[in-house]
Amino acid sequence: MTIKFVLLVNKQGQTRVAKYTDSSLTTDERRALEAEIVRKCLTRVDKQCNIVEHRNYKVVYRRYASLFFLMGIDAEENELGILEMIHCMVETLDKWFSNVCELDIMFSLDTTHHIIDEMVANGCIVETNKANALTPVQLLERVS
């Protein structure tokens, strides 16, 4: 029951955030996996299901404006729960950035990683409350 990776990708297929919890993949394998998954997900039409099987992963994805949020999970994980987690992550990023967009993520990459880290740790969902996920990030912002 784990999340293997979280990807934030734009409509052109450029990865903006990549967070892996599966340490067995090398950098080249990760790059190849990303390319395959992104190509597969971006070519699907809106009416198709948001869940794709690729290799030994289930990839759950959702498009918000110009960004695709993708999560790779193992076979035992609940796909609908992951879709809800993606929505919660987007709402949390929206709350922090006041309507998040690709530029917010690009220019605040550390903050984006901190928020994702607060919500997902070692492949497990650890926080779904937006306020609780943002509290450590707010403290980090005050310090810097």
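What you see is a predicted model, and the numbers here were worked out from it, not measured in a lab.

## Re the overall build of the chain
Regarding its fold elements, the chain presents 5 helices and 7 strands. Seen in sequence order, the chain has helices and strands lined up from the N terminus as β-β-α-β-β-β-α-α-α-β-β-α. Across its three principal axes, the chain shows a C-alpha extent of roughly 45 × 30 × 30 Å. Counting the 144 residues in the chain, one finds 40% classified as buried. Considering only contacts within the chain whose residues lie at least 6 apart along the sequence, 50% involve residues at least 24 apart.

## Some remarks on the sheet that holds strand E4 (residues 57-64)
Spatial strand order, E2-E1-E5-E4-E3: 5 strands in an open sheet with antiparallel pairing. The sheet terminates laterally at strand E2 (15-20) and strand E3 (51-54), the two strands that pair on one side only. This sheet shows a mean twist of 20° between the axes of neighbouring strands, independent of strand direction. As paired strands, strand E1 (residues 3-10) and strand E5 (residues 67-73) are joined by 7 bridges and run antiparallel to one another. When the sheet's bridge partners are listed, Ile3 is paired in E5 with Ile73.

What counts as what
Residues numbered from 1 in each chain as written. Predicted model: local features only at pLDDT ≥ 70, side-chain atom pairs only at ≥ 80, totals over all residues. Heavy atoms only, no water. Helix = DSSP H or I, 4+ residues; strand = E, 2+ residues; numbered from the N terminus. Buried < 20%, exposed > 50% of the residue type's maximum accessible area, 1.4 Å probe, protein only. Contact = heavy atoms within 4.5 Å. Pairing = 2+ DSSP bridges. Axes fitted to C-alpha atoms, helices over the stretch in contact; angles between N-to-C directions.

So yeah, pure geometry; function would need other evidence.
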